[in-house]
Amino acid sequence: MTVMTWDSYRAAEHFIMRGARLIDRHRFAYHFQTRTAGPVHTALAAYRNLDGGYGNALDPDLRGGSSQPVATELALRYLDELGTIPADLAHQTCRYLSSVSNDDGGLPHVLPNVRHTEAAPWYQETDDFSSALDITTMITGLLYKNNISHPWRDHATAYCWKHIDALQWTDPHEAIGICSFLQHVPDRVRATATMKRLSTMIRAVIDVHPRATGHVHTPLDLACHPDHIARPLFTDAEIERNLEAFERQQRPDGGWDAHWDHWDTAATIEREGMRTIQRLRILRVYGRLAPDLPRPRRTS
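In this report, we go over the structure that sits alongside the text. Just so it is clear, the structure is predicted and the values come from calculations on it, not from any experiment.

1. Thoughts on the overall build of the protein
Here's step 1: Along its length, the protein carries 13 helices and zero strands.
Here's step 2: Put simply, the protein runs from its N terminus to its C terminus through helices and strands in the order α-α-α-α-α-α-α-α-α-α-α-α-α.
Here's step 3: Rg of the C-alpha trace for the protein: 19 Å, near the compact-globule value of 19 Å for 300 residues, within the 12% margin.
Here's step 4: C-alpha atoms of the protein, sized along the principal axes, occupy 50 × 40 × 40 Å.
Here's step 5: Counting every position in the protein, which comprises 300 residues, the buried fraction comes to 55%.
Here's step 6: Within the protein, counting contacts between residues at least 6 apart in sequence, those at least 24 apart form 67% of the total.

2. Details of the nonpolar core
Here's step 1: Core analysis: the biggest nonpolar cluster contains 46 residues, and F181, L182, M195, L198 and I202 have the highest contact counts within it.
Here's step 2: Excluding residues within four positions of it along the chain, L198 makes contact with I164, L167, I178 and L182.

3. Overview of the packing of aromatic side chains
Here's step 1: Counted according to the given criterion, the structure contains six aromatic pairs.
Here's step 2: When the centroid spacing of 6.5 Å and the interplanar angle of 55 degrees are considered together, the rings of W122 and Y123 count as tilted.
Here's step 3: Residue class for Y123 comes out buried when judged on its relative accessible area of 14%.
Here's step 4: A network of ring pairs unites the aromatic residues W6, Y9, F28 and F32 as a single cluster.
Here's step 5: Between the NZ or CZ atom of R27 and the centre of the ring of Y78, over which it lies, the distance is 4.0 Å.
Here's step 6: A cation sits over an aromatic face here: R279 above F246, 3.8 Å from the ring centre.

4. A short note on unusual backbone geometry
Here's step 1: Phi angles above zero are rare outside glycine, and N56 is one such case at about 60 degrees.
Here's step 2: By the secondary structure assignment, N56 is in the loop between α3 (38–45) and α4 (69–81).
Here's step 3: In this structure, N147 takes a positive phi of about 55 degrees despite not being glycine.
Here's step 4: Here N147 is to be found in the loop between α7 (133–145) and α8 (151–165).

5. Considering helix α10 (residues 188–204)
Here's step 1: The terminal C-alpha atoms of α10 lie 24 Å apart, and with 17 residues this matches the ideal 24 Å at 1.5 Å per residue to within 8%.
Here's step 2: Most pronounced at L198, the bend in α10 amounts to some 50 degrees.
Here's step 3: Within the span of α10, buried status applies to A191, T194, M195, L198, S199, M201 and I202.
Here's step 4: Its buried side turned inward, α10 meets α8, α9 (172–184) and α11 (219–222).

6. Some details on α9
A turn of α-helix holds 3.6 residues, and therefore any two residues three or four places apart point the same way.
Here's step 1: With 13 residues, α9 should cover 18 Å at 1.5 Å per step; its first-to-last C-alpha distance of 19 Å lies within 8% of that length.
Here's step 2: Turning to α9, its buried residues number three or more, namely P172, E174, A175, G177, I178, C179, S180, F181 and L182.
Here's step 3: In this structure, the buried residues of α9 make contact with α7, α8, α10 and α11.

7. With respect to the pattern of salt bridges
Any two side chains of opposite charge can pair, so long as their charged atoms come close to each other.
Here's step 1: On inspection of all chains with the given rule, the structure shows 21 salt bridges.
Here's step 2: Taking the shortest distance from any N to any O, the salt bridge between R10 and E13 comes out at 2.4 Å. Taken together, the residues span about one helical turn, with R10 and E13 both in helix α1 (residues 6–19) at a distance of three residues.
Here's step 3: By relative accessible area, which is 11% here, E13 ends up buried.

8. A short note on the side chain of H217
Here's step 1: Looking at where H217 falls in the secondary structure, it is placed in the loop between α10 and α11.
Here's step 2: Classification of H217 by relative accessible area gives buried; the value is 12%.

9. Points about the environment of D227
Here's step 1: Relative to the elements of secondary structure, D227 occurs in the loop between α11 and α12 (236–249).
Here's step 2: As a C-alpha pair, D227 and A75 span 152 residues in sequence and 23 Å in three-dimensional space.

10. Considering the side chain of T126
Here's step 1: The residue T126 is located in the loop between α6 (121–124) and α7 in this model.
Here's step 2: Overall, T126 belongs to the buried group, its relative accessible area being 15%.
Here's step 3: At 3.0 Å, the side chain of T126 forms a polar contact with the backbone nitrogen of D128.
Here's step 4: Apart from the residues within four sequence positions on either side, T126 is in contact with V110, R115 and P121.

Rules used in this analysis
Residue indices follow the written sequence of each chain, beginning from 1 at its first position. Per-residue local features are limited, in this predicted model, to residues with pLDDT of at least 70; the limit for side-chain atom pairs, both in listing and counting, is 80 or more; totals at the level of whole chains, interfaces and linings are taken over all residues. Remark: hydrogens and water are excluded; side-chain values derive from all non-hydrogen atoms of the structure. Under the scheme used here, helices are H or I runs from DSSP no shorter than 4 residues and strands are E runs no shorter than 2 residues, and both carry numbers assigned from the N terminus. We compute the radius of gyration from the C-alpha atoms alone; for a globule the expected value is 2.2 Å times N to the 0.38, where N is the number of residues. Only protein chains enter the accessibility calculation, which uses a 1.4 Å probe; a residue whose area is less than 20% of its type maximum is buried, one above 50% is exposed, and one in between is partly exposed. Contacts were defined at the residue level, with two residues in contact if any of their heavy atoms lie within 4.5 Å. Among buried residues, the Ala, Val, Leu, Ile, Met, Phe, Trp, Tyr and Cys ones that are joined through side-chain atoms within 4.5 Å form a nonpolar core. Here a Phe, Tyr or Trp ring, Trp counted by its six-membered ring, pairs with any other such ring whose centre lies within 6.5 Å, and the pair is stacked when the planes are under 30 degrees apart, edge-to-face when over 60, and tilted otherwise. Counting as a charge over the ring demands two things of the Lys NZ or Arg CZ atom: a distance within 6 Å of the ring centre and an angle within 35 degrees of the ring normal. Helix span, as expected, comes to 1.5 Å for every residue beyond the first. In this scheme, the bend at a residue equals the angle between the axes fitted to the seven residues that finish there and the seven that begin there. Here a salt bridge means any side-chain nitrogen of Lys or Arg lying within 4 Å of a carboxyl oxygen belonging to Asp or Glu. Think of a polar contact as two N or O atoms within 3.5 Å of one another; within protein, one of them needs to be a possible hydrogen donor and the other a possible acceptor, and neighboring residues in sequence only count if both atoms come from side chains.

Okay, structure coming up:
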């Protein structure tokens, strides 16, 4: 087993300092330089709107100012990284989610007003504003993980179970959201049985063979830590091969490719900063960073 060298870590640090957004610089500092969570909270607040949702290019593919469900999902994931999501902030966000949900309880990825903003073509040109299982399961799972009770969560839970139970096929984004939901939903008997039923389907849409290019989802993008509910879907050898691939894929400048469809230079650069932090966090939690490298200290 190889371990990421100090020089490789320092290259990643320099990459973040050169090109990442302020919020991702603060996230890097929190995770790897033992700094407090306060700067991340402050930076994230700048992306929040009066309606309780998030926009303002928090998701690099949505450059407009209006709140969008996918940006709000990303905000909740960032807050979850820092510890328990503050209850007052979560409830304000849930009120926003209630206002933009469809009648079935699910969330669309984006709202129709995306057509009037700067956004990636796959968002700006869409005519599909129906509920999406991937984003709804991800957000609902995060709310359960953080013990946030709200009527929107309960309505969304019914939507999630209904569509998961009827699932005949999936895709990587959806699989990641479903696993988040199944990892944290309180009904553990049902969640365990459902995960067992879906395991072959989920594994089939994950690229277990490491590839350096293309918009692929690896076992580590799904099972992002060893205790993840999806970790048993992959052998130890498959996990090791993908960890080694992550190390090899680090560029000479210290960053990792975004592996995302390029439509705008700024969006691609921002995603590379996000991806670099994601890769470093996965390498560390799987023991591939040297023991003496910095580790985060959770404080408010």
